[in-house]
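Take a look at the letters that make up each chain.
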Amino acid sequence: MNAPPLLPRPLRKVGVPPLKCQGIKTRLVPFIFRNIRWTGRGRWIEPFLGSGVVLFNLLPERAIVCDTNRHIIQLYRDIQTGYIDEGAVGSYLEEAGKQLSRQGERFYYEMRERFNRCGGSLEFLFLNRSCFNGMMRFNGRGEMNVPFCRKPERFRKAYTTKIRNQVRWVSEILQRTSWEFRTCDWQETVLDAGPDDFIYADPPYIGRHTGYYNTWTERDAVKLAHSLLSSSSGFAMSMWKGNKYRSNPYIDRYWKGCEHRTCGHFYHIGPTESFRNSMEEVLIVKPGFASAAG
């Protein structure tokens, strides 16, 4: 008997990983899962991992995921190998939180400077959860440059416990899977995809979030479109379609002929209010890989 397809499928509760970043798909995971048709026989491939929320809720048997942000990949590798766990995270955040409470922004900027020199996964997680509005942004030298959130009491017991639980959830998943985490350019991962694989792409949104880790230009967006459309694997790509200010001109320009599934969404993370607003989100799916009903 053939196994049922992995997608589409309903999802009642979405698990949340420990990392925050602009464009995180927590509220969109059920929408994504409803609109993709994939057997699950091959590998789930993500060229832009980000927070990892789609991966950790899908739970494919095999996966190759990458990001150019080496800190994201290192964090999940460290959890995967057991180098850090919920206990280490809880102890670290509790102590760092006390220092933050006493010293405020001075401690935050000292920690950011230390991280940019030689920081590891625990420092990265601390900064990610104490920076301004959950932003994840790096300059051209690869240095994190997000300002302090101005909440010195950030790491109260309930908040630290929440992050500990998120790390434990991810750790339990990674202990029973053999997913491959790569620090590399998206092109390498897309080229590795075969006919049974499925690519889920969540690139920086051209015209919106382009300062996440490195520059994302129109040329990059065009290259991604050509690579996905010429791939032998199925694919789906998340993108913004429009908001009250404007529409995304790249949708009709480069993605004609694909299935377009849309839904309304509100982004809570972004540098300015114009980035934190209601938007029409689109899932662009390769013909033949969209579910029968969205």
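One can find the structure itself at the top, above this paragraph.
Residues numbered from 1 in each chain as written. Predicted model: local features only at pLDDT ≥ 70, side-chain atom pairs only at ≥ 80, totals over all residues. Heavy atoms only, no water.

## Here we look at the overall build of the protein chain
In step 1: Check the secondary structure of the protein chain and you find 10 helices and 7 strands.
In step 2: Its C-alpha atoms give the protein chain a radius of gyration of 19 Å, near enough to 19 Å, the size a compact globule of 294 residues would have.
In step 3: Dimensions of the protein chain, computed from C-alpha atoms along their principal axes, come out at roughly 55 × 50 × 35 Å.
In step 4: Restricting to contacts in the protein chain with at least 6 residues of sequence separation, those with at least 24 account for 73%.
In step 5: For the protein chain, the exposed surface amounts to about 13,700 Å²; the carbon and sulfur share of it is 48%.
In step 6: Across the protein chain, the mean location of the 43 positive side-chain charges is 5 Å away from that of the 29 negative side-chain charges. (Helix = DSSP H or I, 4+ residues; strand = E, 2+ residues; numbered from the N terminus. Rg over C-alpha atoms; globule rule 2.2 N^0.38 Å. Contact = heavy atoms within 4.5 Å. Areas by Shrake-Rupley, 256 points an atom, 1.4 Å probe, with all protein chains shown as cover. Lys, Arg positive; Asp, Glu negative; His and termini not counted. Charge placed at Lys NZ, Arg CZ, Asp CG, Glu CD.)

## Some remarks on the sheet that holds strand β2 (residues 63-67)
In step 1: Spatially, β3-β2-β1-β4-β5-β7-β6 is the arrangement adopted by the 7 strands of the open sheet, whose pairing is mixed. The sheet terminates laterally at β3 (180-183) and β6 (259-266), the two strands that pair on one side only. Strand-to-strand twist of the sheet, defined as the mean angle between neighbouring strand axes without regard to direction, takes the value 20 degrees.
In step 2: The pairing of strand β5 (residues 234-242) with strand β7 (residues 278-285) spans 6 bridges and is classified as antiparallel. Paired with A236 across the two strands is V285, which belongs to β7.
In step 3: The strands touched by helix α3 (residues 70-81) are β2 and β3; relative to β3, the strand with the most contacts, the crossing angle is about 150 degrees.
In step 4: Of the strands in this sheet, β4 (198-201) and β5 touch helix α9 (residues 218-230), which is tilted by about 145 degrees from β5. (Pairing = 2+ DSSP bridges. Axes fitted to C-alpha atoms, helices over the stretch in contact; angles between N-to-C directions.)

## Quick word on the packing of aromatic side chains
In step 1: A full pass over the atoms with the stated rule returns 20 aromatic pairs.
In step 2: Aromatic side chains F56 and W179 sit 5.8 Å apart centroid to centroid with 50 degrees between the ring planes, which places their arrangement in the tilted category. Of the two residues, F56 sits in helix α2 (residues 53-58) while W179 sits in the loop between α7 (157-175) and β3, which places them 123 residues apart along the sequence.
In step 3: Ring plane angle 15 degrees and centroid distance 5.8 Å describe the contact between F115 and F124, whose orientation is recorded as stacked. Like F124, F115 is buried.
In step 4: Grouped by ring-pair contacts, the aromatic residues W38, W44, F198, Y200 and F289 constitute a single cluster.
In step 5: Here the basic side chain of R253 rests over the ring of Y250, its NZ or CZ set 5.2 Å away from the ring centre. (Phe/Tyr/Trp six-rings, centres within 6.5 Å; stacked < 30°, edge-to-face > 60°. Buried < 20%, exposed > 50% of the residue type's maximum accessible area, 1.4 Å probe, protein only. Lys NZ or Arg CZ within 6 Å of the ring centre and 35° of its normal.)

## Quick word on the environment of Q99
In step 1: For Q99, the location among the structural elements is in helix α4 (residues 86-103).
In step 2: In this structure the C-alpha to C-alpha distance between Q99 and W255, which are 156 residues apart in sequence, comes to 50 Å.
In step 3: Not counting residues within four places of it along the chain, the set of residues in contact with Q99 comprises G104 and F107.

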